[in-house]
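# Close look at the chain arrangement
Take a look at the letters that make up each chain.
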Amino acid sequence: MFCMPGLRVPFRLKVPFLPSTKEQTLNVIKLLEGHKGRLADLGSGDGRLVFAASSMGFQCTGFEIHSILLAYSRSKAWWRGIPHTDIHLVKQDLWKTDLSQYRNVTVFLAPAVMGALEEKLLKELPEDAKVIVCRFPFPHWPHSCTAGSGLNQIWVYDVHTARQPSRTSSHQSQA
Ligand SMILES: C[S@@+](CC[C@H](N)C(=O)[O-])C[C@H]1O[C@@H](n2cnc3c(N)ncnc32)[C@H](O)[C@@H]1O
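None of the values given here were measured: they were computed from a predicted structure.

Another point: the site of the ligand. Near the ligand there are 24 residues, and of these Ser-20, Gly-43, Glu-64, Asp-93 and Leu-94 occur at the shortest range. In the environment of the ligand, an oxygen atom lies 2.5 Å from a nitrogen or oxygen atom belonging to the side chain of Ser-20. Side-chain polar atom of Asp-93 to a nitrogen atom of the ligand: 2.8 Å apart, as the coordinates give it. When the ligand sits alone it has 600 Å² of accessible area, and the protein chains cover 99% of it. Counting only elements with at least two residues in the shell around the ligand, the list comes to helix H2 (48-54) and strand E2 (59-64). Here the residues of the shell around the ligand are counted per class, giving 15 nonpolar, five polar and four charged.

Next up on the list: the sheet that holds strand E6 (residues 145-147). Taken in spatial order, the seven strands of this open sheet run E3-E2-E1-E4-E5-E7-E6, and their pairing is mixed. Of all the strands in the sheet, the pair left with one neighbour each is strand E3 (87-91) and E6. Strand-to-strand twist in this sheet, taken as the mean axis angle between neighbours without regard to direction, amounts to 20 degrees. In terms of strand pairing, E2 meets E3 through five bridges, oriented parallel. Note on E3: the bridge partner recorded for Phe-63 is Val-90. Its contacts with the sheet place helix H3 (residues 67-79) against E2 and E3, and it is angled at close to 160 degrees to E3.

Each value, and the rule that gives it
Residues numbered from 1 in each chain as written. Predicted model: local features only at pLDDT ≥ 70, side-chain atom pairs only at ≥ 80, totals over all residues. Heavy atoms only, no water. Near = heavy atom within 4 Å. Polar contact = N/O pair within 3.5 Å; in protein donor to acceptor, adjacent residues only side chain to side chain. Areas by Shrake-Rupley, 256 points an atom, 1.4 Å probe, with all protein chains shown as cover. Helix = DSSP H or I, 4+ residues; strand = E, 2+ residues; numbered from the N terminus. Nonpolar A, V, L, I, M, F, W, Y, C, P; charged D, E, K, R; others polar. Pairing = 2+ DSSP bridges. Axes fitted to C-alpha atoms, helices over the stretch in contact; angles between N-to-C directions. Contact = heavy atoms within 4.5 Å.

Worth remembering: the numbers are spatial, not functional.
Shown next as structure tokens:
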């Protein structure tokens, strides 16, 4: 039922629901320490990364395309008494969402979409934004730090570094 959500999402960009493990979530929390600003979780599933980030004081928005997962995460937020001012859980296709107001982005998607996501985030995110990626790293961006190993590995990327002209030209010359 949760496998391939979003009838209008092109097949190459489809990502199944796979929840973050406990260790993965703890690694995300560890790497978010010291960050500030609004946070977007791209493909928020049952909301577990959003709840974890919200517990650290971030104002979070979870974008989720699957209605049942969204309803489930909203009911969990309601059950936990989390105010709407702290967490927004919205039914929205991440590929059609403008992310320019977010300084923190968490991502747990699939290898096939990470290249396309690099391009989207390079265009949209503010210069001081950080992207925290679970399990499947970006193919071209250099990471600033990492935590965990195997299925629980997390990478942090600085948009400023990813935009360095030397990186853009070496990326283009590889293409
Ligand atoms: C691997 S799961 C991660 C769920 C959650 N972030 C976590 O860490 O447990 C990926 C999620 O992205 C959602 N998703 C896939 N394509 C999407 C899209 N185009 N827009 C919004 N959400 C999407 C899926 O429904 C799924 O819930």
